[in-house]
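Residue-level listing of the chains:
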Amino acid sequence: MTCISLKLCRLKPFNRLQVIVQHLSMSKTMGPSDEVLLEKRGCAGVITMNRPKALNALNLPMIQQIHPQLKKWEQDPDTFLIIIKGAGDKAFCAGGDIRAITEAGRTGDRLAQDFFREEYILNNAIGTCQKPYVALIDGITMGGGVGVSVHGHFRVATEKTLFAMPETAIGLFPDVGGGYFLPRLSGKLGYFLALTGFRLKGKDVQKAGIATHYVEAEKMAALEKDLTELKSPSKENVADVLDSYHNKCKLDQEKDFILGGHMDKINGLFSANSIEEIIQKLKKDGSPFALKQLETITKMSPTSLKMTFRQLREGASLSLQDVLTMEYRLSQACMRGHDFYEGVRAVIIDKDQSPKWKPAALEEITDECLDLCFKSLGSGDLKLQ
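One structure accompanies this document, and this report is about it. All values reported here derive from a predicted model rather than from experimental measurement.

1. Focus on the pairing of strand 3 (residues 81–86)
Stage number 1. A large share of strand 3 lies buried, amounting to six of its six residues.
Stage number 2. Burial of strand 3 is two-sided: the residues Leu 81, Ile 83 and Lys 85 facing one way and the residues Ile 82, Ile 84 and Gly 86 facing the other way are all buried.
Stage number 3. Handedness of the strand 2 (residues 44–49)-helix 4 (residues 60–75)-strand 3 crossover: right-handed.
Stage number 4. Judged from the three bridges that link them, strand 3 and strand 5 (residues 133–137) form a sheet pairing that is parallel. Note on strand 5: the bridge partner recorded for Ile 84 is Ala 135.

2. Let's talk about the sheet that holds strand 9 (residues 200–201)
Stage number 1. Read from one edge of the open sheet, four strands run 4-6-8-9, paired in mixed fashion. A single partner strand is all that each edge strand has here, and the edge strands are strand 4 (91–93) and strand 9.
Stage number 2. Sheet analysis places strand 4 next to strand 6 (residues 140–142), joined by two bridges and oriented parallel. Within the sheet, the bridge partner assigned to Ala 91 lies in strand 6 and is Ile 140.

3. Examining the sheet that holds strand 2
Stage number 1. On the basis of which strands lie adjacent, the open sheet formed by six strands has the order 1-2-3-5-7-10 and mixed pairing. Unpaired on one side and paired on the other, strand 1 (36–41) and strand 10 (213–214) mark the two borders of the sheet.
Stage number 2. Where helix 4 meets the sheet, it contacts strand 1, strand 2, strand 3 and strand 5, and its direction lies at approximately 15° from that of strand 1.

4. Some details on unusual backbone geometry
Stage number 1. Omega for the peptide link from Lys 358 to Pro 359 comes to -5°, which places this bond in the cis form.
Stage number 2. Residue placement: Pro 359 occurs in the loop between helix 18 (339–349) and helix 19 (367–374).
Stage number 3. Of note in this structure, Asn 56 is not a glycine but carries a positive phi near 55°.
Stage number 4. The buried category is assigned to Asn 56, whose relative accessible area is 0%.
Stage number 5. Positive phi, close to 45°, is recorded for Val 176, a residue that is not glycine.

5. Details of the pairing of strand 1
Stage number 1. Where strand 1 and strand 2 come together, six bridges link them in antiparallel fashion. Residue Leu 37 lies in a different strand from strand 2, and its bridge partner there is Thr 48.
Stage number 2. Remark: two residues form the turn of the hairpin made by strand 1 and strand 2, two consecutive strands paired antiparallel; Gly 42 in that turn has positive phi of roughly 60°.

6. Some points on the pattern of salt bridges
Stage number 1. Counted under the stated rule, the structure contains 18 salt bridges.
Stage number 2. With its nearest N and O atoms 2.5 Å apart, the salt bridge here joins Glu 224 to Arg 41. Here the residue Glu 224 occupies a position in helix 11 (residues 220–228), and Arg 41 occupies one in strand 1, the gap between them amounting to 183 residues.
Stage number 3. We classify Glu 224 as buried; its relative accessible area is 8%.
Stage number 4. In this structure Arg 41 comes out as partly exposed when scored by relative accessible area, which is 28%.
Stage number 5. Where Asp 97 meets Arg 51, a salt bridge forms, and the shortest distance between an N and an O atom there is 3.4 Å. Here Arg 51 lies in the loop between strand 2 and helix 4 and Asp 97 lies in the loop between strand 4 and helix 5 (98–107), a separation of 46 residues in the sequence. Taken individually, Asp 97 and Arg 51 each receive the classification buried, so the pair is uniform in this respect.
Stage number 6. Taken together, the salt bridges that share partners define one network made up of Glu 39, Arg 41, Lys 85 and Glu 224.

7. Some remarks on the packing of helix 11 against helix 12 (residues 235–248)
Stage number 1. Put simply, helix 11 and helix 12 touch, their axes get as near as 10 Å, and they point 160° apart. Overall, the two elements helix 11 and helix 12 adopt an arrangement that is roughly antiparallel. For helix 11 against helix 12, the interelement crossing comes out right-handed. Contact with helix 11, carried on its side by Ala 222, Leu 223, Asp 226 and Leu 227, involves Val 238, Val 241, Leu 242 and Tyr 245 of helix 12 and no other residues of that element.
Stage number 2. Taken together, the residues of the contact of helix 11 with helix 12 break down into seven nonpolar, no polar and one charged.

About the cut-offs
Residues numbered from 1 in each chain as written. Predicted model: local features only at pLDDT ≥ 70, side-chain atom pairs only at ≥ 80, totals over all residues. Heavy atoms only, no water. Buried < 20%, exposed > 50% of the residue type's maximum accessible area, 1.4 Å probe, protein only. Helix = DSSP H or I, 4+ residues; strand = E, 2+ residues; numbered from the N terminus. Right-handed = clockwise from strand over helix to strand, strands pointing away. Pairing = 2+ DSSP bridges. Contact = heavy atoms within 4.5 Å. Axes fitted to C-alpha atoms, helices over the stretch in contact; angles between N-to-C directions. Salt bridge = Lys/Arg side-chain N within 4 Å of Asp/Glu carboxyl O. Parallel < 35°, antiparallel > 145°, perpendicular 65-115°, else oblique. Left-handed = near helix turned anticlockwise from the far one by under 90°. Nonpolar A, V, L, I, M, F, W, Y, C, P; charged D, E, K, R; others polar.

If you want it as structure tokens, here you go:
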């Protein structure tokens, strides 16, 4: 087991997030050409996010290389599928480069606008890609890593996959199209994952409907090779190869979904008209499961909780493009606000795990305040091709 895995297993959820986010900002700065590898291999275009020391965290130069190459391969008659993966054995991609975004937001640097804008444009390009898109989500897959995987046709998890959208713990919201895919998961599972930041591991990522396939980590190289060696494959041909590996996987075959026994409770407790109502239901239920979720939720940014709840409710009936437009507005509201910087301070900088949220209570966040977060930015709105 790797050092990071040992740390993550031993730590409480909030501290575990700290370790991950620290890794997102630890690596030495590399030249853009080193940070993402773009190769044509057989019938496939292969994208490798290549910042293993930073858990393959996405930064703006990486996004600016991936997007045009993706569009080029989509139009290339000799490219039949696109594969994306992460370098190293720890992560697919643990999120966006939080340190850089934080520093830019504090100083008013354009990066705080450009990063989210270009990241969401890439998410949309993946969601609308006409060629089969296969994400090999082997290892930590959070935040921005979810954005470059979940909207594609196929997501292949392994026993090393660790999925979470933990943004409410640092004053953000589950973006990169979270408002689109989360409310479309079974029942109220997406609301539960978004509001609590609950982590899914291994086969549970596939059982939750986030991954489409589950394969042993040691078989991923062979799977990739078989995909690239296909001759002029259709989407169905790609699916057949993935299905074959998935069906042969005996790992955790008898394992029940970790949340399977709690889904009735999740569906009941998280069916509500407000985050306040969810909290009331959790208190009233009083079961160990409910009280554990209550303890988790009450540590999160109240603004993030309210923002996230409305994001998912609205996103459930919107197209991916409209969700990303909405989320860009929310990202800029977070950059203008207090809680994102305070969350990063508490988790990464001072590491005291005691963020002082402002406002500190849900009842202090009025509908008018929330409306401003969702308000159109006019000419500054996200524009998707």
